[in-house]
Amino acid sequence: MTPAIFGIAGPSLSQEERAFFADADPAGYILFARNCEDKVQLRRLTDDLRSIHGREQLIISIDQEGGRVARMKPPVWQRYPAGEAFARLWDIAPASAIEAARANAEAMGRELAEMGITVDYHAPFDVRRKETDDVIGDRALGSDPLQVAALGRAVLDGMSRAGIVGCLKHMPGHGRATCDSHKELPRVAASDEDLAVDLEPFRTLAAHPLGMSAHIVFEAWDADHPATLSAKVIDEIIRQRIGFDGLLLSDDIDMQALDGTIPDRARRALEAGCDIVLNCWAKMDDQRAIAEQSSDLGDAAAERLERVHHAMTAPQDGPDTTELLAKRDALLGLAEDRAA
């Protein structure tokens, strides 16, 4: 199995993609708006991906947070608010914010599960600060680590009730970055003592089976390498201090925060300790090169992947999407009423 999650170029598999995926056997796949046209088409695509190796338990993933991070869009699918909506409600009624975040995530998860998706790269556990770049911005669940952990746990719980595996991102924290890692490499000069605050939400949820790294240099820990490519940060901070022993994905290795060719970035991320690299742009030359140069998934990573597969359960009985959204909207209305 190739330790990579690959993108798909369009709304259906090409013959070239099907043949390549059958040979390379990637750990999973990631979907974008280019892959999500309508419900019939999307379900056909996810069924097709499962048929390649006949696996029911398979990472078929997406970035569906709500707000501006939404690959499945209205009017075909529901519109969901960004994390800031739940952070505002927290200021008024923390317990209601938790319930609203859980209901929202379960409704979203039920839509994903209906489409054959098993993993959502949600929620961001980044602690927002005044200087936080807008790439996180309103996606954040708050500025207090306990609040971020509580709302993040509610998101993961709601997703799990729908049979979807959520994700701890972006370890060890994106909240201090003052530029967009999609475009350039952020550097964080905060002290080890200050950075401990950013670790707290991840430490609280460290038993979760799936996490994602950040393309950020933390000078207090490794001034020469972003976390994704830093053996020191992955081992000493993510694995030891946070205590995360789940499946660690790189953030998208196509992002401009990283240098070198895409296959070189993939190699360095795996050597640093990422279990799987995320390669989103469906460029066949890059995907082939990653598969050709990569060793098979190691034993430790394979065991962690199995834990992710085990967490892919059938949706639990409970309220349908309409009821969940009505509950969410009633709770979020408390914050709107107070603002008015």
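See the structure printed just above.
Along each chain, the written sequence defines residue order, and numbers are assigned to residues from 1. Totals for whole chains, interfaces and linings use every residue, but because this is a predicted model, local features are given only for residues with pLDDT of at least 70 and side-chain atom pairs only at 80 or more, for both listing and counting. Remark: hydrogens and water are excluded; side-chain values derive from all non-hydrogen atoms of the structure.

## Topic: the packing of helix H5 (residues 145–161) against helix H6 (residues 192–204)
H6 packs onto H5 with a crossing angle of 30° between their chain directions and a minimal axis gap of 8 Å. Here H5 lies roughly parallel to H6, going by the angle between them. The handedness of the crossing between H5 and H6 is right-handed. Where H5 abuts H6, its residues Pro-145, Val-148, Ala-149 and Arg-153 lie against Val-197, Glu-200, Pro-201 and Thr-204. Each residue belonging to the contact of H5 with H6 can be placed in one class, and the counts come to five nonpolar, one polar and two charged. Simply put, an axis is a line fit to the C-alpha atoms, just over the touching stretch for a helix, and the angle between two N-to-C directions goes from 0 to 180 degrees. The helix and strand labels rest on DSSP assignments: H or I over at least four residues marks a helix, E over at least two residues marks a strand, and numbering proceeds from the N terminus. Comment on the angle field: the value is read as roughly parallel under 35 degrees, roughly antiparallel over 145, roughly perpendicular from 65 to 115, and oblique elsewhere. Crossings are sorted by hand: turned counterclockwise from the far helix by less than a right angle, the near helix makes the crossing left-handed, and turned clockwise it makes it right-handed. Throughout, a contact is declared for two residues whenever any of their heavy atoms are within 4.5 Å. Classes in brief: Ala, Val, Leu, Ile, Met, Phe, Trp, Tyr, Cys and Pro nonpolar; Asp, Glu, Lys and Arg charged; the others, Gly included, polar.

## Examining helix H10 (residues 299–310)
Because the α-helix completes a turn every 3.6 residues, residues three or four places apart line up on one side. Across its 12 residues, H10 extends 16 Å between first and last C-alpha, which sits within 8% of the 16 Å expected from 1.5 Å per residue. Only protein chains enter the calculation, and the probe is 1.4 Å; a residue is then buried if its accessible area is under 20% of its type maximum, exposed if over 50%, and partly exposed in between. Buried residues of H10: Ala-301, Arg-304, Leu-305, Val-308 and His-309, and no others. The buried residues of H10 occupy one face: seen down the axis, they fall within an arc of 150°. Projecting away from the buried face of H10 at angles above 90 degrees are the exposed residues Asp-299 and His-310. Elements that come into contact with the buried residues of H10 comprise strand E2 (26–31), strand E3 (59–62), strand E6 (119–120), strand E9 (210–213), helix H7 (231–241) and strand E11 (247–252). Here a helix's expected span is defined as the number of its residues, less one, multiplied by 1.5 Å. Throughout, the arc means the angular range of directions from the helix axis out to the C-beta atoms.

## Topic: the environment of Ala-220
On the secondary structure map, Ala-220 appears in the loop between strand E10 (217–218) and H7. Through-space distance from the C-alpha of Ala-220 to that of Asp-194 is 10.0 Å; in sequence the pair is 26 residues apart. Discounting residues that sit within four places of it in the chain, Ala-220 has contacts with Ala-190, Ser-191, Asp-192 and Leu-195.

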